[in-house]
Each structure stands twice: as structure tokens, then as C-alpha cells.
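The chain contents come next:
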Amino acid sequence: MGEAEPRRSEGGALSTRRPQLRPLRQQDGVVLAEFAAAHAVRRDLSLALFAVAAGNDGESFVVLRQADRTVVGAGGYGASREAAGAVEFALWIGAAEWGRGYGTEAAQALIDRAFAGNAVSEVTAAIRVTNARARRLVEKCGLQPRGTGMARASAETGAFPVERF
């Protein structure tokens, strides 16, 4: 197993070299809401993470810095409405942790986890067109551009343009 490959831990958690991903719990919502309230994060969110997995054949995780078990973000995937066998992947990291590589390691672990399921043939992502950081991340993980479209993060938000990978 390579250094970047995720290892399964007890309780469904995934461990990478530096971050660990553990299943999302309802009580994580408070910390994650604080992250999402930051303008730098909120302006780029394109998918509500609780909605990703809830009843949608997926999983949601919090991203922890292994060194001190601090929550630094969240991610997950769920069945895509685009195609059978496809899942849509989402990840965000709190702005204070940007540029440290946690996002890349967590994204690779989530994508590997999604493909570990026998029924998954494709992982997709919808990235706001203004989010260059996320675009670079998904391209580093091997996702390829598939075009543009419109998305809606929640029933309360309006539609916004996204790039599909």
C-alpha cells in the first residue's frame, strides 16, 4: 500500500498520511457550520454535504488533522442523478487550512473509497466556475472536464454556473 493510499480504520474511518476521514456525525454540524459561515468558504460551496449521503447511497465524512484530531473540513459522495453507476463527490476544507495538502489527500481517499464499491463506475464533481482552487484539486485527482451547467446548493439558493468533471 502506497503512502498516499487510504487505510480503513475502525468505525469506517479512512486514514491517509496526514488527514483522517471519519464518518460524519450530527454533532459535527456546529463546527462545520462555523467553517461554512466564512465568506471565503461559503462563496464556493456547491453541494450541501449532509444531502450528499442522506438516503443517497453515499457516505459523508469529517476531515480531521491526525496530529491533533482537529476538524479541518468535510467531504463525501452520493449517487449522481446524471448516470447509473456514477457518484457525485464533494469536499471542502476550512479556509485556515488551505494550501496544506489536506484537501488533496482527503479527495484522493474519498475517490478511492467510492470506487471500492463494486457498483461505482464513475466519480463526478460540480465545481463553481469561480473556484480555481477546487478545479486544480479535482484535476490533480484525475477527474477530467465534462462541460458546464447550472447547479443549486440548496432550495434557498439560486442557481449558479458550475464546471462538471
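Before reading on, note that the structure itself is shown above.
Residues numbered from 1 in each chain as written. Predicted model: local features only at pLDDT ≥ 70, side-chain atom pairs only at ≥ 80, totals over all residues. Heavy atoms only, no water.

A. Spatial organisation of the overall build of the protein chain. Helix and strand counts for the protein chain come out as five helices and ten strands. Relative to its 165 residues, the protein chain shows a buried fraction of 44%. Here the analysis covers contacts within the protein chain between residues at least 6 apart in sequence; of these, 56% occur between residues at least 24 apart. On the protein chain, roughly 8,700 Å² of surface is accessible, and the fraction owed to carbon and sulfur atoms is 50%. (Helix = DSSP H or I, 4+ residues; strand = E, 2+ residues; numbered from the N terminus. Buried < 20%, exposed > 50% of the residue type's maximum accessible area, 1.4 Å probe, protein only. Contact = heavy atoms within 4.5 Å. Areas by Shrake-Rupley, 256 points an atom, 1.4 Å probe, with all protein chains shown as cover.)

B. View of the environment of Ser60. Turning to its location among the elements, Ser60 is positioned in strand S4 (residues 59-65). Take Ser60: its relative accessible area is 12%, and that puts it in the buried class. The spacing of Ser60 and Arg25 is 35 residues in sequence and 8.8 Å in space, taken between C-alpha atoms.

C. Up close: the packing of aromatic side chains. Enumeration over the complete set of coordinates arrives at zero aromatic pairs. Here the guanidinium or amino end of Arg18 rests over the ring plane of Tyr102, the centre of that ring lying 4.7 Å away. Above the ring of Phe160, the side-chain terminus of Arg128 is found at 3.6 Å from the ring centroid. (Phe/Tyr/Trp six-rings, centres within 6.5 Å; stacked < 30°, edge-to-face > 60°. Lys NZ or Arg CZ within 6 Å of the ring centre and 35° of its normal.)

D. Local environment of the environment of Ala67. On the secondary structure map, Ala67 appears in the loop between S4 and strand S5 (70-79). Residues Ala67 and Gln20 lie 47 residues apart in sequence; the distance between their C-alpha atoms is 9.6 Å.

E. Examining unusual backbone geometry more closely. At Arg69, a residue that is not glycine, the phi angle is positive and equals roughly 60°. Note that Arg69 resides in the loop between S4 and S5. Taking relative accessible area as the criterion, Arg69 reaches 46% and is therefore assigned partly exposed.

F. Inspection of the sheet that holds strand S8 (residues 126-128) at higher detail. Taken in spatial order, the three strands of this open sheet run S8-S10-S9, and their pairing is antiparallel. Whereas interior strands pair on both sides, the edge strands pair on one side only; in this sheet they are S8 and strand S9 (147-151). Taking each pair of neighbouring strands and ignoring which way they run, the sheet shows an average axis angle of 45°. As paired elements, S9 and strand S10 (residues 160-164) share five bridges and run antiparallel to each other. In the sheet register, Thr148 faces S10, and the bridge partner there is Glu163. (Pairing = 2+ DSSP bridges. Axes fitted to C-alpha atoms, helices over the stretch in contact; angles between N-to-C directions.)

G. Quick look at helix H5 (residues 132-140). Among all positions of H5, only Ala134, Leu137 and Val138 are buried. All buried residues of H5 lie within an arc of 90° about the axis, which places them on one face of the element. At its buried positions, H5 is contacted by strand S6 (86-93), helix H4 (102-116) and S8. Positive backbone phi, at 95°, marks Gly142, one or two positions downstream of H5. (Arc of directions from axis to C-beta.)

H. Representation of the pairing of strand S3 (residues 19-23) within the structure. The buried fraction of S3 amounts to four of the five residues, a majority that puts the element mostly inside the structure. Examined bridge by bridge, strand S2 (residues 14-15) and S3 share two bridges and lie antiparallel to one another. Across the sheet, the residue bridging to Leu14 is Leu21, located in S3. Joining the antiparallel neighbours S2 and S3 is a turn of three residues. Bridge count between S3 and S4: five bridges; the pairing is antiparallel. Bridging across to S4, Pro23 finds its partner in Phe61.

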